[in-house]
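Coordinate analysis (summary)
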Amino acid sequence: MNLGVPATCVPEVFVRSVTRGAACSIGGRMSGNGQTIGIALGAGAARGWAHIGVLRVLHEAGIEPDIVCGTSIGAMIGALYADDRLEELESWCTTLTWKGVMRFFDLGFGGGLLKGARVTSFLREHFGDKQMSDLKRPFAAVATDLRAGQEVWLREGPVIDAVRASIALPGLFMPHADNGRILVDGALVNPVPVSLCRALGASFVIAVDLSSPLAGPAVRKITAEKKAQGMPGMAEVVMDSLNIMSIRITRSRLAGEPADVVVMPRLGQYGLLDYHRAAEAISEGRAAAEVLTPQIHRLLGQET
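First, a word on what this report is: a plain description of the structure on this page. (Residues numbered from 1 in each chain as written. Predicted model: local features only at pLDDT ≥ 70, side-chain atom pairs only at ≥ 80, totals over all residues. Heavy atoms only, no water.)

**Describing the pairing of strand β9 (residues 204-208)**
Summarising burial for β9: five of the five residues are buried, a large majority. Residues of β9 alternate between two faces, with Phe-204, Ile-206 and Val-208 on one and Val-205 and Ala-207 on the opposite face, all of them buried. As defined by bridge partners, strand β1 (residues 37-41) adjoins β9 across five bridges and the pair is classed as parallel. Paired with Ile-37 across the two strands is Phe-204, which belongs to β9. Where β9 meets strand β10 (residues 261-263), three bridges bridge the pair, whose relative direction is parallel. When the sheet's bridge partners are listed, Val-208 is paired in β10 with Val-263. (Buried < 20%, exposed > 50% of the residue type's maximum accessible area, 1.4 Å probe, protein only. Helix = DSSP H or I, 4+ residues; strand = E, 2+ residues; numbered from the N terminus. Pairing = 2+ DSSP bridges.)

This is the structure we're talking about:
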């Protein structure tokens, strides 16, 4: 099985001669005053539930992305959105408790703290053997080749393999083996895949960046109290380290590969493992998107 993008559409990290912005058509529809709209759903672990709120607001405003790209949690939510199953996901995640989250934690200690088998089972329940080409919208995900240190664009093959590779947080989830490659989380190289949207033909890209470090005084007080309690646990160290790295990489990538609009929900108060706080994160996503909806309409030349 070969999930990797064909050589004619590889990222610049693979082939420097690829023209920046050159499109690889995958059948995207034209919308938004003749523009092809792409949405780049960023990494952020549990903060990713905010993507649901953003996508809901865009739909309510009549802004329908033609191309969907995601990294890490953005890949999982993007795949479900591309299959018109966002409502189903929202109903499930908003009832998720901390005890329910813990059921996904199958300890492995072989390449990662978690085996990821329960996550794979969850994905199989939702996608079965569905191929990426079977989704209702064009979709692609980002992963990282651990041995080569290269960005990998996943555009074909089983949906569950692409999502499982993209969400394989180093140190937390075991890597995903694919055709001789060892793939891990795409956030290591491209946390918000604007460049992938452009390469797949999007002329207007909406990016959703979950790396906002903003937090209010109350949150900073809680953080200070936690620090005073002593050294953090291993999982917290891994997640916080990855978060710092992701913020830095995101800023660098978005500066060099800017989106037309960047939605940044205020998520500094959410831990990367707070999957049981979906309703709150979704509300933050909605709030951030609602502020920018009029601007998106203006940029697209749409009447509101």
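**Here's the deal with the pairing of strand β8 (residues 181-185)**
A regular strand places its side chains on the two faces of the sheet in alternate fashion. Within β8, four of the five residues are buried, which leaves it mostly tucked inside the rest of the structure. With three bridges connecting them, strand β4 (residues 139-145) and β8 associate as antiparallel partners. Following the sheet pairing, Ala-143 is matched in β8 by Asp-185. Bridge analysis of strand β7 (residues 176-178) against β8 gives three bridges, and the strand direction is antiparallel.

**Side note on helix α6 (residues 159-166)**
Within α6, eight of the eight residues are buried, leaving the element largely enclosed by the surrounding structure. Among the residues of α6, Val-159, Ile-160, Asp-161, Ala-162, Val-163, Arg-164, Ala-165 and Ser-166 are the ones counted as buried.

**A short note on the nonpolar core**
Core analysis: the biggest nonpolar cluster contains 68 residues, and Trp-49, Phe-139 and Ile-206 have the highest contact counts within it. Within the second largest apolar cluster, 18 residues are counted, among which are Ala-40, Val-142, Leu-196 and Cys-197. (Core = buried A, V, L, I, M, F, W, Y, C linked by side-chain atoms within 4.5 Å.)

**With respect to unusual backbone geometry**
Not every positive phi belongs to a glycine, and Ala-45 is a case in point at roughly 50 degrees. Following the sequence through the fold, Ala-45 ends up in the loop between β1 and α1 (50-60). Phi is positive for Ser-72, close to 60 degrees, though the residue is something other than glycine. Along the chain, the position of Ser-72 falls in the loop between β2 (67-71) and α2 (73-82).

**Thoughts on the packing of α1 against α2**
Two elements in contact, α1 and α2, have axes whose closest approach is 10 Å; the angle formed by their N-to-C orientations is 35 degrees. Relative to α2, α1 is oriented so that their crossing is right-handed. Contacts between α1 and α2 involve His-51, Ile-52 and Leu-55 from the first element and Gly-74, Ile-77 and Tyr-81 from the second. Of the residues belonging to the contact of α1 with α2, the class tally is four nonpolar, two polar and no charged. (Axes fitted to C-alpha atoms, helices over the stretch in contact; angles between N-to-C directions. Left-handed = near helix turned anticlockwise from the far one by under 90°. Contact = heavy atoms within 4.5 Å. Nonpolar A, V, L, I, M, F, W, Y, C, P; charged D, E, K, R; others polar.)

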